[in-house]
Amino acid sequence: GNSVTQMEGPVTLSEEAFLTINCTYTATGYPSLFWYVQYPGEGLQLLLKATKADDKGSNKGFEATYRKETTSFHLEKGSVQVSDSAVYFCALRAGGTSYGKLTFGQGTILTVHP
Amino acid sequence: EADIYQTPRYLVIGTGKKITLECSQTMGHDKMYWYQQDPGMELHLIHYSYGVNSTEKGDLSSESTVSRIRTEHFPLTLESARPSHTSQYLCASTLGDREGYTFGSGTRLTVV
């Protein structure tokens, strides 16, 4: 079946540090890949997406590249801010028996200190 | 501005009460979903719908029920709430098969 594995958290960084959150996946066919962010007390917001191999999704300084050969979709940001503190979820949507349901990773807590 | 609305945002109720969590979207999306999020953050799909009069159980067994009488409305009902139902409930919708979901702000339910 489909699955997503995220880097274990929590991740604690100082402001302006470089961020990487690893994400690897297992899926049938050619899934779409997503990163979602959840701020405290809120629902999930779509941060970025990629729908085919070698696509790069980007938004608010965050980037992730769809790597089919390594089945990965790692999230990166060059300089984090305190306001980036949140929970980050990697997810995929694939066809087949899952009928396009989103499969989520377990989430990674990011805390950025001033 | 949110295009998918969940009410209430917070709810504290006593054991044995019947409750309905509301979810409405204004985007005309056919597919809608309910997720339960535990304190460890993991998200569990409990119900989904591909259109009017279509409802299916998700990956996690749940004592809740759902209905889809109108495209824009996907309420979740608990007939008799228990403390084990204490959780955050997130509603989502989508249009295409390869697009992401749009999530509501969630309902944080506490059963005492």
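Above this note sits the structure.
Criteria and cut-off values
- Residues numbered from 1 in each chain as written.
- Chains lettered and ligands numbered in written order.
- Predicted model: local features only at pLDDT ≥ 70, side-chain atom pairs only at ≥ 80, totals over all residues.
- Heavy atoms only, no water.
- Core = buried A, V, L, I, M, F, W, Y, C linked by side-chain atoms within 4.5 Å.
- Buried < 20%, exposed > 50% of the residue type's maximum accessible area, 1.4 Å probe, protein only.
- Helix = DSSP H or I, 4+ residues; strand = E, 2+ residues; numbered from the N terminus.
- Contact = heavy atoms within 4.5 Å.
- Salt bridge = Lys/Arg side-chain N within 4 Å of Asp/Glu carboxyl O.
- Buried area = accessible area lost by both parts, 1.4 Å probe.
- Pairing = 2+ DSSP bridges.
- Phe/Tyr/Trp six-rings, centres within 6.5 Å; stacked < 30°, edge-to-face > 60°.

Caption draft 1: The arrangement of the nonpolar core in detail. All names here are of chain A. Residues Leu19, Trp35, Leu47, Leu48, Phe73, Leu75 and Tyr88 are the most contacted members of the largest nonpolar core, which totals 26 residues. When contributions to this core are tallied by element, the ones reaching two or more residues are β2 (11–14), β3 (19–21), β4 (23–26), β5 (32–38), β6 (44–50), β8 (62–65), β10 (86–93) and β12 (108–113). Examining the composition of this core, we find that 4 residues originate from one element, β10, more than from any other. Beyond its immediate sequence surroundings of up to four residues, Leu48 is in contact with Leu33, Phe34, Trp35, Gly57, Ser58, Asn59, Phe62, Glu63, Ala64, Phe73 and Leu75.

Caption draft 2: A look at the pattern of salt bridges. Residue and element names in this part refer to chain A. Across all of its chains, the model carries 8 salt bridges over all chains by this definition. Asp55 is the partner of Lys52 in a salt bridge, and the nearest nitrogen-oxygen pair spans 3.3 Å. Here Lys56 makes a salt bridge to Glu63, at a shortest N to O gap of 3.7 Å. The class of Glu63 is partly exposed, set by a relative accessible area of 34%.

Caption draft 3: Just the interface of chain B and chain A, in detail. Contacts between chain B and chain A engage 25 residues on the former and 24 residues on the latter. Carbon and sulfur atoms make up 47% of the surface buried where chain B meets chain A, a total of about 1900 Å² over both sides. On the chain B side of the interface with chain A, the three residues burying the most area are Met41, Arg98 and Tyr101 of chain B, jointly 33% of the side's total. Between the two partners, chain B and chain A, sit 2 salt bridges. Residues Glu99 of chain B and Lys49 of chain A are paired through a salt bridge, measuring 2.4 Å at the closest nitrogen-oxygen approach.

Caption draft 4: Region of the structure containing the pairing of strand β5 (residues 43–51) of chain B. Residues and elements named next belong to chain B. Most of β5 sits inside the fold, with 7 of its 9 residues counted as buried. Between the antiparallel neighbours strand β4 (residues 31–37) and β5 lie 5 residues, among them Met41 with a positive phi of about 85 degrees. Sheet topology places β5 next to strand β6 (residues 54–57); 3 bridges connect them, and they run antiparallel. What sits directly across from Tyr48, in β6, is Glu56. Between β5 and β6, which pair antiparallel in sequence order, lie 2 residues; one of them, Asn53, sits at a positive phi of approximately 65 degrees.

Caption draft 5: Structural detail: the sheet that holds strand β7 (residues 65–66) of chain B. Residues and elements named next belong to chain B. Strand order in this open sheet of 4 strands is β1-β3-β8-β7, and the pairing throughout is antiparallel. Every other strand in the sheet has two partners, leaving β1 (4–7) and β7 as the edge strands with one partner each. In the sheet, β1 pairs with strand β3 (residues 19–25) via 4 bridges, with the strands oriented antiparallel. Bridge pairing in β3 places Gln6 opposite Cys23.

Caption draft 6: Main features of the packing of aromatic side chains. Overall, the coordinates contain 14 aromatic pairs over all chains when judged by the stated rule. On the basis of an interplanar angle of 80 degrees and a centroid distance of 5.6 Å, the ring pair of Tyr36 of chain A and Phe103 of chain B is categorised as edge-to-face. One end of the pair, Tyr36 of chain A, is in strand β5; the other, Phe103 of chain B, is in strand β10 (residues 102–103), on a second chain. Note on accessibility: Tyr36 of chain A and Phe103 of chain B belong to one class, buried. Their ring planes at 40 degrees and their centres at 6.2 Å tell us that Tyr101 of chain B and Phe103 of chain B sit as a pair that is tilted.

Any functional reading would require information that these geometric values do not contain.
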